[in-house]
Amino acid sequence: MKSYTNVKDLGNLQAAVQEALEIKKNRYAYKHIGENKTLLMVFFNSSLRTRLSTQKAGMNLGMNTIVLDVNQGAWKLETERGVIMDGDKPEHILEAIPVMGCYCDIIGVRSFARFEDKQFDYQETILNQFIQYSGKPVFSMEAATGHPLQAFADLITIEEYKKTARPKVVLTWAPHPRALPQAVPNSFADFMNEANVDFVITHPEGYELDERFVRNATVEYDQMKAFEGADFIYAKNWAAYKDPNYGKILSSDRSWTVSNRQMAVTNNAYFMHCLPVRRNMIVTDDIIESPQSLVIPEAANREISAQTVIKRLLQNT
Ligand code: AN0
Ligand code: CP
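Reference entry: report on the structure contained in this document. (Residues numbered from 1 in each chain as written. Chains lettered and ligands numbered in written order. Predicted model: local features only at pLDDT ≥ 70, side-chain atom pairs only at ≥ 80, totals over all residues. Heavy atoms only, no water.)

## Examining the site of ligand 1
Lining the immediate environment of ligand 1, one finds Phe112, Glu142, His147, Leu180, Pro181, Lys236, Cys274 and Leu275. At 2.6 Å, a side-chain N or O of Glu142 approaches an oxygen atom of ligand 1. For ligand 1, the accessible surface in isolation is 330 Å², of which the surrounding protein chains cover 82%. When atoms are counted within 2 Å of each cavity's grid points, the one that captures over half of ligand 1 is the largest pocket. Class assignment for the residues of the shell around ligand 1 results in five nonpolar, one polar and two charged. (Near = heavy atom within 4 Å. Polar contact = N/O pair within 3.5 Å; in protein donor to acceptor, adjacent residues only side chain to side chain. Areas by Shrake-Rupley, 256 points an atom, 1.4 Å probe, with all protein chains shown as cover. 1 Å grid on protein atoms, 1.4 Å probe; cavity = no way out; pocket = protein on both sides within 12 Å on 5 of 7 lines; lining within 4 Å. Sits in = over half its atoms within 2 Å of the grid points. Nonpolar A, V, L, I, M, F, W, Y, C, P; charged D, E, K, R; others polar.)

## Remarks on the site of ligand 2
The environment of ligand 2 is formed by Ser47, Leu48, Arg49, Thr50, Arg110, His147, Gln150, Cys274, Leu275 and Arg302. At 2.6 Å, a backbone N or O of Leu48 approaches an oxygen atom of ligand 2. For ligand 2, an oxygen atom lies 2.8 Å from a polar atom in the side chain of Arg110. Expressed as a share of its isolated accessible area of 250 Å², the protein-covered part of ligand 2 is 94%. The class makeup of the residues in the shell around ligand 2 is three nonpolar, four polar and three charged. Each of domain 1 (3–146 + 302–314) and domain 2 (149–299) contributes no fewer than three residues to the shell around ligand 2. (Domains from an automatic or database assignment.)

Rendered as structure tokens:
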């Protein structure tokens, strides 16, 4: 693997999940493959899980890790080519990226959608510049349109907890006070469409995701109907994708907050969320604290998904 930005980079997905489960059984089995190699993690946005789990994954493989928070202590970066740099940004990303590439062997990048320009976001301008100009293998730690380390961890979690060969998995929109990217639902859809699951997406009208991610999933606008018989409920907020509302909040309807009312019609479903989660906006306290909640096992599996990906980048397999 030369870079990791979406599900296709994993090749055979079932084999990747099996490899991850093997790594989970003995996460120090490959502790020499990263010896004298350096992992650089570049954050343009905040993080708790990705920062810790990816650093831990690198350490499990014997790597040295460096973390750069671009907005805290580094020079402010200009990202547009052709700009006369007479403003507040002293450095251009087109120099910064190859410089970063000099000091490491693999680069992880977190760079969220900005919601200023849909094309800039959906062309993955920042992530692709890292791929093009760093000279090193690059992986997404949530970029503008995807969060493939999260979705991989979610699939591993579903594999561990499923009780039937082909479970029903429902991705549901839920309200949130701030506009959030579509990266998590996009990648989740991408992975579920490749997995052996019955996949349903539910959201209010206007929240349709990019059809390149939705593909053959069933879209159901009635949340209660979508939840019927579900084995896994995956909650997430996202802002509108469709024009002319790209990046906007269209609904704050708290009847979409996942509670006992909707969970009652499921097949005693597990509850999933990538975290961080706003309680009583996305999900009630009762549901996230219930024995059916998988939010902590999902977070734990972030170490495993990251380790599987970094191992493949190190070995170029
Ligand atoms: C981010 C998002 O929704 O993309 C990160 C989730 C992993 N969430 C927030 O900014 C709250
Ligand atoms: N789920 C996830 O990526 O969390 P962080 O934003 O804390 O890294």
